[in-house]
Amino acid sequence: MARKETSIKWVVLGLLIGIFVASVDNTIVATAMATIVADLGGLDKFVWVTSAYMVTEMAGMPIFGKLSDMYGRKRFFIFGLVVFLAGSMLCGIAQNIVQLSIFRAIQGIGGGALVPIAFTIMFDIFPPQQRGKMGGLFGAVFGLSSIFGPLLGAYITDYLSWRWVFYINIPLGIIAFLLVAFFYRESPKHAKQKIDWLGVITLVPAIVCLMFALELGGNQYEWDSSVIISLFSAFTLLFLLFLYVETKAKEPIVSYHMFRKRLYAASNLIGFFAGATFIVATVYIPIFIQGVTGGTATNSGLILLPMMLATTVSAQLGGFLAAKTSYRNVMIFFMSVFVIGMFLLSTITEDTSRFTVTCYMIIVGLGVGASFSVLGMAAIHHFSETERGAASSTNSFLRSLGMTIGITIFGIIQRNLFTDRLKEAFHGMANGSPDMNIHDPRAILSPEARAHIPAPILEKITSVLASSIAQTFLWSLIPAALTLLFVFFMTNDRLASMHAVQRGKAQVGKE
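Residues numbered from 1 in each chain as written. Predicted model: local features only at pLDDT ≥ 70, side-chain atom pairs only at ≥ 80, totals over all residues. Heavy atoms only, no water.

Caption draft 1: A look at the overall build of the protein. A count of helical and extended segments in the protein gives 20 helices and zero strands. Each of the 511 residues in the protein was classed as buried or not, and the buried ones make up 56%. In the protein, 84% of the contacts between residues at least 6 apart in sequence involve partners at least 24 apart. A total accessible area of about 21200 Å² is found for the protein, and carbon and sulfur atoms account for 67% of it. (Helix = DSSP H or I, 4+ residues; strand = E, 2+ residues; numbered from the N terminus. Buried < 20%, exposed > 50% of the residue type's maximum accessible area, 1.4 Å probe, protein only. Contact = heavy atoms within 4.5 Å. Areas by Shrake-Rupley, 256 points an atom, 1.4 Å probe, with all protein chains shown as cover.)

Encoded structure:
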């Protein structure tokens, strides 16, 4: 028994490392992009570096989740690690921006297998009475890595090299590989099914079209350009075709019968809208600190540390409380705190102190952190081992999709607010603006750029930037409120006893 417990501890460590490297790679590259472009060139193509990873990661999530149900978790978790490490190594030696984008796509394929399968393995190997604690730990690492990425990326780029943003994955990934490969002994219970190839060839291109439309729209192409309209049209057509195909498939990638479970459907909707809201805070608070108060890139990353710690505490607390009361009760409390935190962020001005912003961020972190652990457990709650992979991966996919759509929509809102209010602020001036592109908030983010802007002009710009960010937070209250609304649609299920779980499995089998 002691030997088995020791093995499980090593497996958990391997899974946590896998979650960390896959999740942190979503954000760690962002802060290194300026240095990467300066070194490799390709300013007109840098958006593909981020897009390539996100597209393949998101496309892979539901597919790998289903495959893990069919053929086993271990082989696909290890496959994901190997592909992720190969992509990381290639990214580190990339010689131009096109190569880097292609290698990032390889990385994303591996990343799509790691997070959802890791959560599913956790649910498989632990009895119900321990799942709350472990779900809290896994959720904390997931939330921690999502916030920690920008800070880690800035530090590595400043003190080592941007290539180490990718190389750092290799030793960590090898450790995770060895721990899972040698210590994880999985259950032989799998459903031998046919792969839904029609679902694959309609879902993957649909996601690719959507992601590229969101990433390229407003940047390389206007939103009403033929390229963006074509991408959205292709997405709509392929996605509708995918939905139809899934109704005919014997073993669909996304099973509609899962969404008949109210707890599962509500958990996925909460994850989608919580992701869309939370990403706004993580992106625009650093911009506020750097652009309004004049902090450096590293300092703007440090402002996220209190929220990161609050998220970690909340994720573990949420997992603990899920064993004591229903998922619904836990989420009502924490999502209420989340909405309050986002409202407080909407009140910031250019005169708001950094301490006040930090307090607001802590409230946001405390509110959202529990969702990283509780929603993952709630989504899997009603399903047997042969369906948990699909259930977990769909939940992860929808949260990631919410974050992507959220940052796109609120990015448009903030940019339009900033541009319109600048026109008003500088109305009547010669040329309408000082000798710089004030319509791009990044132009005032560096201390060097700010030093060359006359004080009266800088004051107007920072005031407009602060108000545009605050107004964006106010708009983000819409998905935040929807997050809280859908919590009330959850059932009163809670982490049950083993007897109840077994009884639930039997019921699922009958259905």
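From this point, the narrative continues.
Caption draft 2: Structural view of the packing of aromatic side chains. In this structure the tally under the stated criterion is 14 aromatic pairs. Between the aromatic rings of phenylalanine 278 and phenylalanine 372, the centroid separation amounts to 5.9 Å while the plane-to-plane angle is 70 degrees, which identifies the pairing as edge-to-face. Of this pair, phenylalanine 278 sits in helix α11 (residues 262–292) while phenylalanine 372 sits in helix α15 (residues 354–380), placing them 94 residues apart in sequence. Judged by centre distance (5.1 Å) and plane angle (80 degrees), the rings of phenylalanine 333 and phenylalanine 334 are edge-to-face. (Phe/Tyr/Trp six-rings, centres within 6.5 Å; stacked < 30°, edge-to-face > 60°.)

Caption draft 3: Looking closely at the nonpolar core. By size, the foremost hydrophobic cluster in this structure holds 122 residues, and its most contacted members are Phe77, Phe138, Leu345, Phe473 and Met490. With 14 residues, α11 is the largest single contributor of residues to this core. Not counting chain neighbours up to four residues away, the residues in contact with phenylalanine 473 comprise Val280, Ala281, Tyr284, Ile285, Met342, Leu345, Ser346 and Ile348. Val29, Cys91, Ile97 and Val165 belong to the second largest nonpolar core, which has 17 residues in total. (Core = buried A, V, L, I, M, F, W, Y, C linked by side-chain atoms within 4.5 Å.)

Caption draft 4: Quick look at the packing of α11 against helix α18 (residues 455–475). As a packed pair, α11 and α18 sit with axes 10 Å apart at the nearest point and diverge in direction by 165 degrees. Relative to α18, the element α11 lies roughly antiparallel. Here α11 runs over α18; the crossing is left-handed. Where α11 abuts α18, its residues Val280, Ala281, Tyr284, Ile285, Ile287, Phe288, Gly291 and Val292 lie against Thr462, Leu465, Ala466, Ile469, Thr472 and Phe473. (Axes fitted to C-alpha atoms, helices over the stretch in contact; angles between N-to-C directions. Parallel < 35°, antiparallel > 145°, perpendicular 65-115°, else oblique. Left-handed = near helix turned anticlockwise from the far one by under 90°.)

Caption draft 5: The side chain of threonine 352, seen in detail. For threonine 352, the location among the structural elements is in the loop between α14 (327–345) and α15. Among the polar contacts made by the side chain of threonine 352, one reaches the main-chain amide nitrogen of threonine 349 at a distance of 2.8 Å. If sequence neighbours within four positions are ignored, threonine 352 has contacts with Thr347 and Val357. (Polar contact = N/O pair within 3.5 Å; in protein donor to acceptor, adjacent residues only side chain to side chain.)

Caption draft 6: Highlighting the layout of surface pockets. As a volume, the second largest pocket reaches approximately 430 Å³. Residue lining of the second largest pocket: 22 residues in total, with Phe239, Thr394, Phe397, Leu398 and Leu401 positioned closest to the centre. Those elements giving two or more residues to the lining of the second largest pocket turn out to be α3 (47–71), α9 (197–216), α10 (226–248), α11 and α16 (388–425). Counting residues per element, the lining of the second largest pocket draws most heavily on α16, which supplies five residues. Classifying every residue of the lining of the second largest pocket gives 20 nonpolar, two polar and no charged. (1 Å grid on protein atoms, 1.4 Å probe; cavity = no way out; pocket = protein on both sides within 12 Å on 5 of 7 lines; lining within 4 Å. Points joined across faces, edges and corners; volume = space filled by probe spheres on them. Nonpolar A, V, L, I, M, F, W, Y, C, P; charged D, E, K, R; others polar.)

Caption draft 7: Main features of the environment of leucine 344. Among the structural elements, leucine 344 can be located in helix α14. Distance in space between the C-alpha atoms of leucine 344 and isoleucine 363 is 9.0 Å, their sequence separation being 19 residues. The residues contacting leucine 344, other than those within four sequence positions of it, are Tyr360 and Ile363.

Caption draft 8: Summary view of the side chain of serine 396. Within the secondary structure layout, serine 396 lies in helix α16. By relative accessible area, which is 13% here, serine 396 ends up buried. If sequence neighbours within four positions are ignored, serine 396 has contacts with Met61, Val115 and Pro116.

Caption draft 9: Summary view of α9. Under the 1.5 Å per step criterion, the end-to-end length of α9 is 29 Å for 20 residues, consistent within 8% with the ideal 28 Å. Among the 20 residues in α9, 14 count as buried, and that is most of the element. Of the residues one or two after α9, glycine 218 is the one with positive phi, at around 80 degrees. (Expected span 1.5 Å × (residues − 1).)

Caption draft 10: Just helix α4 (residues 73–92), in detail. If you check α4, its first and last C-alpha atoms are 29 Å apart, about what 20 residues at 1.5 Å a residue would give, namely 28 Å. The buried fraction of α4 is high, at 14 of 20 residues.

Caption draft 11: Representation of the packing of α11 against α16 within the structure. The interhelical angle for the contact between α11 and α16, taken along N-to-C directions, is 40 degrees, at an axis separation of 7 Å. Of the possible angle classes, the one that applies to α11 and α16 is oblique. When the axes of α11 and α16 are compared, the crossing they make is right-handed. Considering only residue class, the contact of α11 with α16 consists of 15 nonpolar, ten polar and one charged.

Caption draft 12: A look at a nonpolar patch on the surface. A contiguous nonpolar patch, built from Trp10, Leu13, Ile174, Leu178, Phe182 and Phe183 and spanning about 550 Å² of accessible area, is present on the exposed surface. For the nonpolar patch, the elements supplying multiple residues, two or more each, are α1 (2–24) and α8 (169–183). Broken down by element, the residue count for the nonpolar patch peaks at four residues, all from α8. Mapped onto the elements, tryptophan 10 comes out in helix α1. (Patch = residues over 30% accessible without salt bridge, like charges linked within 9 Å, V, L, I, M, F, W, Y side chains within 5 Å. Salt bridge = Lys/Arg side-chain N within 4 Å of Asp/Glu carboxyl O.)

Caption draft 13: Local environment of the environment of serine 463. The residue serine 463 is located in helix α18 in this model. Judged by its relative accessible area of 25%, serine 463 falls in the partly exposed class. Residues serine 463 and glutamate 350 lie 113 residues apart in sequence; the distance between their C-alpha atoms is 5.6 Å. A distance of 3.4 Å separates polar atoms of two side chains, one belonging to serine 463 and the other to glutamate 350.

Keep in mind these values describe shape, not function.
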